[in-house]
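What follows is the residue order along each chain.
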Amino acid sequence: MTTAIVAFVVGVICLAAGYFARKSFGEAKIRSAEEEARRIIAEAEKDAEAKRREALLESKEEVHRMRTEAERDIRDRRNELQQIERRLIQREEALEKKFESIQAREEKLNQATRNLEREKERVDELVRKQKSELERIAGLTAEQAKEFLLKQAENEVKHEMAVLIKEAETKAREEADRRAKQIISLAVQRCAADHVAESTVSVVNLPNDEMKGRIIGREGRNIRTLETLTGIDLIIDDTPEAVILSGFDPIRREIARIALERLVADGRIHPARIEEMVDKAQKEVEAAIREEGEQATFDTGVHGLHPELIKLLGRLKFRTSYGQNVLKHSIEVAHLAGIMAAELGADVRVAKRAGLLHDIGKAVDHEVEGTHIEIGRSLLAKYKESREVIHAMECHHGDYEPTTIEAVLVTAADSISAARPGARRETLETYIRRLEKLEAIANSYDGVEKSYAIQAGREIRIMVKPDRVDDAEAAKLARDITKRIESELEYPGQIKVTVIRETRAVEYAK
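What counts, and where the lines are drawn
- Residues numbered from 1 in each chain as written.
- Predicted model: local features only at pLDDT ≥ 70, side-chain atom pairs only at ≥ 80, totals over all residues.
- Heavy atoms only, no water.
- Core = buried A, V, L, I, M, F, W, Y, C linked by side-chain atoms within 4.5 Å.
- Buried < 20%, exposed > 50% of the residue type's maximum accessible area, 1.4 Å probe, protein only.
- Helix = DSSP H or I, 4+ residues; strand = E, 2+ residues; numbered from the N terminus.
- Patch = residues over 30% accessible without salt bridge, like charges linked within 9 Å, V, L, I, M, F, W, Y side chains within 5 Å.
- Areas by Shrake-Rupley, 256 points an atom, 1.4 Å probe, with all protein chains shown as cover.
- Salt bridge = Lys/Arg side-chain N within 4 Å of Asp/Glu carboxyl O.
- Pairing = 2+ DSSP bridges.

**Structural notes on the nonpolar core**
Among the nonpolar cores identified, the biggest contains 40 residues, and Leu 305, Leu 356, Ile 360 and Leu 380 are the most heavily contacted of them. Elements with a minimum of two residues in this core: α7 (307-315), α8 (326-344), α9 (348-357), α10 (372-382), α11 (387-394) and α12 (405-419). Per-element accounting of this core gives the leading share, nine residues, to α8. Leu 206, Leu 263, Val 264 and Ala 281 belong to the second-largest nonpolar core, a separate cluster that totals 26 residues.

**Concerning a nonpolar patch on the surface**
On the surface, Ile 5, Phe 8, Val 9, Val 12 and Ile 13 cluster together to form a nonpolar patch covering roughly 480 Å² of accessible area. Among the secondary structure elements, Val 12 is positioned in helix α1 (residues 2-137). You can call Val 12 partly exposed: its relative accessible area is 41%.

**Quick word on the pairing of strand β7 (residues 459-464)**
Both strand β6 (residues 448-454) and β7 contribute to a ladder of six bridges, which runs antiparallel. Each bridged residue has a counterpart across the sheet, and for Ser 451 the counterpart in β7 is Ile 462. Counting the residues that bridge the hairpin from β6 to β7 gives four residues, and of these Gln 455 lies at a positive phi of roughly 55 degrees. Sheet topology note: the β7/strand β8 (residues 496-501) ladder contains six bridges and is parallel. Considered in β8, the bridge of Glu 459 is made with Lys 496.

**Here's the deal with the pattern of salt bridges**
Counted by the stated rule, this structure contains 27 salt bridges. Where Arg 273 meets Glu 276, a salt bridge forms, and the shortest distance between an N and an O atom there is 3.2 Å. Of this pair, Arg 273 and Glu 276 are both found in helix α6 (residues 271-300), three residues apart, which corresponds to roughly one turn of the helix. A relative accessible area of 12% places Arg 273 in the buried class. The closest approach of N and O atoms between Lys 437 and Glu 488, which form a salt bridge, is 3.5 Å. Of this pair, Lys 437 sits in helix α13 (residues 428-443) while Glu 488 is found in helix α14 (residues 471-488), placing the two residues 51 residues apart along the sequence.

Right under this line is the structure:
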């Protein structure tokens, strides 16, 4: 019985101990969970605070960036407004100068009007005096005196008008000559170009004379292959370590030169290798032609040309006229025409474009029949160039009458470029023959006493017999000689023809 009671008491104690142990463990777990929750909440608050600060910082940076952009835009607009204001001030100053000029002209016109009025009053007073004097002396009727005086006054006015008109014409002609010389000299000074003379032969240097035999090949097969593929004659003579390439087509000569130089450098010279090198050289020259055409358009600022026209421009690098490189000449003409057009207020774009393309027909004139003017017209029309450019191109040798100022400027620019010292060359024999022919043409006309070709053949002065050639015939003689020179001679630039008629009166005092 006692044992059961003890067992019961022990059981009750164990249950109580287990209950309290479980209760304390649960409370500890709850406290741990609460602490973890508080820690998580604290970390979340810290993360939220960090993100809030980060968002605030980003918003401040965005505001600063937007403010910077706004300030930059305001500064740009302010600069633009300042530029516009400066342009407006310049225009206002220009308008003020024009207004002052107009006022000065108006004052001159008013002064001229007042002078005319005074002159009219003087004439009226003179007429009245003459009328009264004639009526007193001659006893003429009023109508007769009036008619006489009117006729006399009319003659005086006509004479004065003729004098004024002649003075105005002389002044206008002198001013036009001065202005034209000024514009041309300005264009020549602003456009300085190099001048290069080409020939019909090219020389390829060899490392040694043994290479000549390898170029000729067995039974001459190598040299025949090279000449057949390029169309150029190879001259292998006693010139040490050199081979001469001869041909009138400069493009084919350039292809042959490049191919031969590469063959010599490579050392393997046989027909198959020659064919390969010629093909590569041809492609290289074609690429160079295209690059030269593109460079010419870039240098002159002429854009929008048809690709075929650009290739034809590049071909002009290998074309010469009187020893002058045609591509360089065309670029120079474009610059000169553009400068003069800008000075005169003409269309600079048309002048430059026509100047660059004015000799485009020379690129294919050995392949197509006709003058380079007609060939050029066909090419420009084919590749859709404007009528203004075609007209300016076709007039530059006087074959067509120019109707636009750009056409006249291209003609002038072409003459300036051709007449520039050192631009063109000719042999001494050709030069002497031209001078002799020039004097012979002048001496062949009746009434010519002497003639002298001066200024290196750019001017001829002709002395005529005054008893056989009067002033009117002298002017006609100058025109006739000019036309004959144009039809019979070939010359760069222009030739000035001056006919001098002198009358001398000689007496002796005895």
